Number of protein chains: 2
Amino acid sequence: MQNAQEINGRSLEKEEGRLNSERIVDYIENEIIHGRLRKGDKLPTERRMAEEMSVSRASVREAVKALEAMGVVKSVQGSGNYITDDPDSTINRPLCTLFALSDGTLDNLLQLRALLEIEACKDIITAASDEDIRELGRLMSYDYNAAAREQAKLDSKFHMSIVQLSRNTLVRYLYTTVLRLIDVYRERVLEETEQRGESNLTKRDHEDIVLALRKRDLTAVTQVLRSHILLNKDYRDALDRPYRTLV
Amino acid sequence: MQNAQEINGRSLEKEEGRLNSERIVDYIENEIIHGRLRKGDKLPTERRMAEEMSVSRASVREAVKALEAMGVVKSVQGSGNYITDDPDSTINRPLCTLFALSDGTLDNLLQLRALLEIEACKDIITAASDEDIRELGRLMSYDYNAAAREQAKLDSKFHMSIVQLSRNTLVRYLYTTVLRLIDVYRERVLEETEQRGESNLTKRDHEDIVLALRKRDLTAVTQVLRSHILLNKDYRDALDRPYRTLV
DNA sequence: ACAGCAAATTGGCCTGACCAATTCAAAGTA
DNA sequence: TACTTTGAATTGGTCAGGCCAATTTGCTGT
């Protein structure tokens, strides 16, 4: 088998120390970072890549699976491997298990959540249209007497909608992940305690948030958000325990 | 070949739709999240896992490579696969290419960086010891006349040291990643423009930061950090261009 | 022009083999 | 006894080549 190869004039020599699959991952990552491969593009066939890079298909597959784990590639049987950028499946899972490994606490999560959401609100206050904010108001008017589980879902949706108005891609991505991590815990709590009313507090908070946004009052929105997120009594008992032990 | 299997009483039936490698990833992730596998632990042999789960070693390897891409596992030839939690190799690369895919701008990055570092400073001001802050001061006193590249490296180290004092695991992790993304760009700039003095500004800022921390003055530290990070003229021309086009 | 079907394509998975780094225990030595 | 050496066993890295299953493609007949 050959050892040196060229693809697009780029050398793919068998470097010392690096695994085949790593080299392939690097190559594809590079193509992406430099814009030669873009969202939706189809990668060459596994068999073809294997041949071009003079490696076995097994190595190529390991690379593809790695990229898929990073959420950069999506495999479709019978069709091909495609570049994607789903922020959900992406950073999400890695960050989740990583966080579990790291003895991070629930409080860590909530703190970051508040940080990101407040940042998004800054953007909203300075740049969002009145219509955008009105839309948030509509999202807010859901049934606050529905089942707890359903309600939690809508609550998440409300907050997600806020953050989606941020102009910062990274903030939107990370918030998605952080909120999901929190939701996992929330779900767990719901399983155990099942139901419980008291969503009036939530309703009140949500109204206050939208109101403050409408007034473009950052101080107010910051205050409400901090208490809404950080002082939620559902979390109080668990704040300082490692997230890992909660889910 | 068998289809149903049990490991630790947990069923691993061949579910519809899920890939073998995915099932294995899920299984291991789960073991981690629930604390049954911890940092430093060694995974079972690839051959053993393959046998236990009734799949081929190829599938197991795809799963292991996926976990490695997420930074959760580290493979060592001849030795084994180990649970790790290196925040560097971890979230870092995925986030990097993902960010490249997403049209995120350099400004997005800097904004988030400021956010995280200021959050860390809050922690420092309320909880760090005077000794910790003195240590920062020592880190700061490096040669501000060294080569630009060397200087950039020390600058990063200084800021990293600040954030490492945060009690929030997630903040520390994310900052590492964000800073690295920025450094990639910075490195690029250095390659092009090569050298240039003017590090007195940096020196001044760093002094101000440590001073403000020493005084436990959050307002001051916030102000200095924001201008230090956001108003750096090196970035000015590139702020609104997609990060992808910069590296 | 369209619907239906069959072949080609493409990813998913398996077997079984060999290499290379590491580990480990037995044998040898000081 | 304690340390070193060394070779076998272990374990990840890679390969070849095959079969299956989903999808795509293109031909065919209406």
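Note that the structure is predicted; figures quoted are calculated from it, not measured.

> Talk me through the side chain of serine 75 of chain A; I want residue IDs and the actual numbers.
Looking at the secondary structure, you find serine 75 of chain A in strand S3 (residues 73-76). Of note is the side chain of serine 75 of chain A, whose polar atom sits 2.6 Å from the side chain of asparagine 81 of chain A.

> Can you break down the side chain of asparagine 81 of chain A residue by residue, with the values?
Residue and element names in this part refer to chain A. On the secondary structure map, asparagine 81 appears in strand S4 (residues 80-83). Overall, asparagine 81 belongs to the buried group, its relative accessible area being 6%. Polar contacts involving the side chain of asparagine 81 include one to the side chain of glutamate 46, which spans 3.4 Å. The contact partners of asparagine 81, leaving out residues within four places of it in the chain, are Asp41, Lys42, Leu43, Glu46, Val64, Val73, Lys74 and Ser75.

> Talk me through the protein's contact with DNA strand D; I want residue IDs and the actual numbers.
If you check the shell around DNA strand D, you find 25 residues, and the closest are Asn20 and Ser56 of chain A together with Arg47, Arg57 and Arg61 of chain B. Counting only the atoms of DNA strand D within 4 Å of the protein, the fraction contributed by sugar and phosphate is 65%. Within the side chain of arginine 61 of chain B, an N or O atom sits 2.7 Å from a phosphate oxygen of DNA strand D. Within the backbone of glycine 78 of chain B, one N or O atom sits 3.4 Å away from a sugar or linking oxygen of DNA strand D. Looking at the surface near DNA strand D, the elements with two or more residues in it are helix H3 (57-69) of chain A together with helix H2 (46-52), helix H3 (57-69), strand S3 (73-76) and strand S4 (80-83) of chain B. The dominant element in the surface near DNA strand D, judged by the number of residues it contributes, is H3 of chain B, at three residues. Residues of the surface near DNA strand D, tallied by class, amount to three nonpolar, 14 polar and eight charged.

> Tell me about the interface of chain B and chain A, residues and numbers included.
Facing the 54 residues of chain B at the interface are 54 residues of chain A. Roughly 4900 Å² of surface becomes buried between chain B and chain A when both sides are summed, with 68% attributable to carbon and sulfur atoms. Run the count over chain B and chain A and you get two salt bridges. The residue glutamate 62 of chain A makes a salt bridge to arginine 61 of chain B at a minimum N-O spacing of 2.7 Å. One can count six residue pairs in polar contact (both at pLDDT 80 or more) joining chain B with chain A.

> Can you explain the pairing of S3 of chain A? Please cite residues and give values.
All names here are of chain A. Residues Val73 and Ser75 of S3 are buried on one face, while the alternating residues Lys74 and Val76, pointing to the opposite face, are not. As defined by bridge partners, S3 adjoins S4 across four bridges and the pair is classed as antiparallel. Within S4, the position partnered with valine 76 by the bridge is glycine 80. In textbook terms, the turn of a hairpin is the stretch between consecutive antiparallel strands, and for S3 and S4 this stretch comprises three residues, one of which, glycine 78, has a positive phi near 80°.

How each quantity is defined
Residues numbered from 1 in each chain as written. Chains lettered and ligands numbered in written order. Predicted model: local features only at pLDDT ≥ 70, side-chain atom pairs only at ≥ 80, totals over all residues. Heavy atoms only, no water. Helix = DSSP H or I, 4+ residues; strand = E, 2+ residues; numbered from the N terminus. Polar contact = N/O pair within 3.5 Å; in protein donor to acceptor, adjacent residues only side chain to side chain. Buried < 20%, exposed > 50% of the residue type's maximum accessible area, 1.4 Å probe, protein only. Contact = heavy atoms within 4.5 Å. Near = heavy atom within 4 Å. Nonpolar A, V, L, I, M, F, W, Y, C, P; charged D, E, K, R; others polar. Buried area = accessible area lost by both parts, 1.4 Å probe. Salt bridge = Lys/Arg side-chain N within 4 Å of Asp/Glu carboxyl O. Pairing = 2+ DSSP bridges.

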